[in-house]
Amino acid sequence: MEFKHISVMSEEVIRELNIREDGIYVDGTLGGAGHSSAIISMLGSDGRLIGIDQDADAIAASSSLIGSDERVTIVKSNYSRMDEVLAELDIEAADGILLDLGVSSHQFDDRSRGFSYHTDEPLDMRMDKEKSFTAADVVNTYSEAELKKILYEYGEEKYAASIAGNIIRKRSEHKIETTMQLVDIIRASMPEREKNKKGHPARKTFQALRIEVNSELDVLKSSIGMMIELLNPDGRLAIITFHSLEDRIVKKAFLQAEDPCICPKDFPVCTCGRKSKGRMEPHRPIVPTEDEIRDNPRSRSAKLRIFRKQQA
């Protein structure tokens, strides 16, 4: 299957990263290389781009598109290992780092991946197909309390208790192996008025399972500080999120890096010695234009936040 994905807010990303011709840039979620291609077009002969992705399909697609460019290095890994990847390449710091945390159109459309609630697929949802842990493992092995917790916390699903209970009952009859089996359970767990509302009734549950399978929020939380440390002075970290859980993590981490002081508020002077790493700018997230949302409805929930490293 052709790897299809429309990069969100590409113009805004390029503008905010402030691309230098001789700069070093890291795309930590390479995908189909949409954002990376735009970055490369701004680089001179001395510029460099390192693309990282955990999805083998994305690596293959991006390699065919930009892999022959001598300024480009493509690595199959998770962005949580970005410091190790750069160290292995003898790169001490980068001028810009990008994360696009959205699921690609290819991953939604590939019926072997199990990300879609519109077609019947194996219940998978792995970003990295070399990993063994799948959504089917979550659905068929987690306790009712564990299922309820992840559906409520990661999916913000108000019918988490009902869905978790029905999953337990159904799996006692037979293993839940496909997306449509799960969709049927979710639908049966909701009142009719909810099923008729705008948006698919399974959207929040599928989001929660995908986050759990890929440890998405834990990886994000543990990586932002590391990526800020990897920036050169005046370098920028750009992160595109697609739901409130991710955006809250990014905003909190950026604000903490901007003002890391842990002294009591009534202290007249700082004694903890923690210095600002830079600042979030702008302080409000950048969102897609109405034209982009019309042309690419999947961009509707996207938010772009930028952290600018302290200048030397």
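Look up a bit, the structure's there.
My aim in this report is to walk through the structure given alongside it, one point at a time.

Procedures and definitions
Per chain, the residues get numbers from 1 upward, laid out in the order the sequence is written. Totals for whole chains, interfaces and linings use all residues, but because this is a predicted model, local features are given only for residues with pLDDT of at least 70 and pairs of side-chain atoms are given and counted only at 80 or more. Note: side-chain values were computed over all heavy atoms of the structure, leaving out hydrogens and water. A run of DSSP states H or I qualifies as a helix once it reaches four residues; a run of E qualifies as a strand once it reaches two. Both are numbered from the N-terminal end. We call two residues in contact when some of their heavy atoms are within 4.5 Å. Throughout, exposure labels follow a simple rule: accessible area from a 1.4 Å probe, protein chains only, divided by the maximum for the residue type, with under 20% read as buried, over 50% as exposed, and the rest as partly exposed. Expected helix span is given by 1.5 Å per residue-to-residue step, counting one fewer step than there are residues. The criterion for strand pairing is that DSSP finds at least two bridges linking the strands in question. A fitted line through C-alpha atoms serves as each axis, taken over the contacting stretch for helices, and the angle formed by two N-to-C directions is quoted from 0 to 180°.

### With respect to the environment of Gln107
Moving on, step 1. With respect to the helices, strands and loops of the structure, Gln107 is situated in helix H5 (residues 105-109).
Moving on, step 2. Residues Gln107 and Asp55, spaced 52 residues apart in sequence, show a C-alpha to C-alpha distance of 9.4 Å.
Moving on, step 3. Gln107 has contacts with Asp55, Arg113, Phe115 and Met127, leaving out every residue within four places of it along the chain.

### Considerations on unusual backbone geometry
Moving on, step 1. For the bond from Glu281 to Pro282, the omega torsion is -5°, close enough to zero to count as cis.
Moving on, step 2. Topologically, Pro282 is positioned in the loop between strand E6 (278-280) and helix H14 (290-295).
Moving on, step 3. Of note, the phi angle at Asp90 is positive, near 60°, even though the residue is not glycine.
Moving on, step 4. Within the fold, Asp90 resides in the loop between helix H4 (82-88) and strand E4 (94-100).
Moving on, step 5. In the Ramachandran plot, Glu156 falls in the positive-phi region, its phi being about 50° despite a non-glycine side chain.
Moving on, step 6. Glu156 sits in the partly exposed class, given a relative accessible area of 37%.

### Considerations on helix H8 (residues 160-173)
Moving on, step 1. Here H8 is 14 residues long and its end C-alpha atoms lie 20 Å apart, about the 20 Å a rise of 1.5 Å per residue gives.
Moving on, step 2. Every buried residue of H8 is accounted for by Ala160, Ile163, Ala164, Gly165, Asn166 and Ile167.
Moving on, step 3. Buried-residue contacts for H8 involve helix H6 (135-141), helix H7 (144-155), helix H9 (179-188) and helix H11 (203-214).

### Digging into the sheet that holds E4
Moving on, step 1. An order of E3-E2-E1-E4-E5-E7-E6 is seen for the 7 strands of this open sheet, with the pairing classed as mixed. Two strands close off the open sheet at either side, each with one partner strand: strand E3 (72-76) and E6. Across the sheet, the axes of successive neighbouring strands diverge by a mean angle of 15°, strand direction being ignored.
Moving on, step 2. Pairing between strand E1 (residues 24-27) and strand E2 (residues 48-53): 4 bridges, direction parallel. Across the sheet, residue Tyr25 finds its bridge partner in E2, namely Leu49.
Moving on, step 3. Helix H3 (residues 56-66) rests against E2 and E3 of the sheet, and its axis sits at about 165° to E3.
Moving on, step 4. Along the sheet, helix H12 (residues 216-230) makes contact with E4, strand E5 (231-241) and strand E7 (303-309), crossing E5 at roughly 150°.

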